[in-house]
Amino acid sequence: VQLVESGGGLVQTGGSLRLSCAASGFTFSRYVMSWYRQAPGKERELVADITSSSGATIYAESVKGRTTISRDNAKNTVSLQMNSLKPEDSAVYYCNAKGSTYLTMRNNYWGQGTQVTVSS
C-alpha cells in the first residue's frame, strides 16, 4: 500500500496550492479519502474528506469556503485545492485512506506527508 503526496511548498498569504495524493496497492474506490494536517506542537486534525461512493465531502470549519477536495477513482488520486491561504494553514499535510466496506473497514493508511508553508 502506498499513498504518495505531492504539491506542497512555500506560498505567500493569499496564494493557492493544489495537493495531490497518488494511491496504490488497494481498491481505491472502496475507501474514504481524507486530508489531515499537523502543525508543530499541535495534534493532527482533519482538513477534509470525501466518501468512496457518493463523493460527499466534509470540511473543517477553518478551511471551509477556501478548500476543495476531489477524487478520481479511475486514476486512484485525491486532490486538495487550497485557496486564500493563511499562515495558520502552515503544516504537514497527510493523505489518509480509510476502508468503507465490511471487508476494508479496519484498514487505515497514511502517506508520509507534504509540507505546506504560508509566509506572511
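Read on for a plain summary of the structure. (Residues numbered from 1 in each chain as written. Predicted model: local features only at pLDDT ≥ 70, side-chain atom pairs only at ≥ 80, totals over all residues. Heavy atoms only, no water.)

### As for the pairing of strand E5 (residues 45–50)
Along any regular strand, the residues point their side chains to alternate faces of the sheet. Here strand E4 (residues 31–38) runs beside E5; their pairing, made up of five bridges, is antiparallel. Residue pairing in the sheet places Met33 in a bridge with Ile50 of E5. Where E4 hands over to E5, the hairpin turn is made up of six residues, of which Gly41 adopts a positive phi near 75°. Where E5 lies against strand E6 (residues 57–59), three bridges are found, and the strand directions are antiparallel. Within the sheet, the bridge partner assigned to Asp49 lies in E6 and is Ile58. Turn length for the E5-E6 hairpin, with the two strands adjacent in sequence and antiparallel, is six residues, and the turn residue Gly55 shows positive phi of about 75°. (Pairing = 2+ DSSP bridges. Helix = DSSP H or I, 4+ residues; strand = E, 2+ residues; numbered from the N terminus.)

### Concerning the sheet that holds strand E8 (residues 77–82)
The strands making up a sheet associate through hydrogen bonds between their backbones, and the pairing can be parallel or antiparallel. Spatially, four strands are ordered E1-E3-E8-E7 in an open sheet, and the strand pairing comes out antiparallel. Of all the strands in the sheet, the pair left with one neighbour each is strand E1 (2–6) and strand E7 (67–72). With direction set aside, neighbouring strand axes in the sheet form an average angle of 15°. (Axes fitted to C-alpha atoms, helices over the stretch in contact; angles between N-to-C directions.)

### Examining the pairing of strand E3 (residues 17–24)
Burial of E3 is one-sided: the residues Leu17, Leu19, Cys21 and Ala23 facing one way are buried, the residues Arg18, Ser20, Ala22 and Ser24 facing the other way are not. Bridge analysis of E1 against E3 gives five bridges, and the strand direction is antiparallel. Looking at the pairing, Glu5 lines up with Cys21 of E3. (Buried < 20%, exposed > 50% of the residue type's maximum accessible area, 1.4 Å probe, protein only.)

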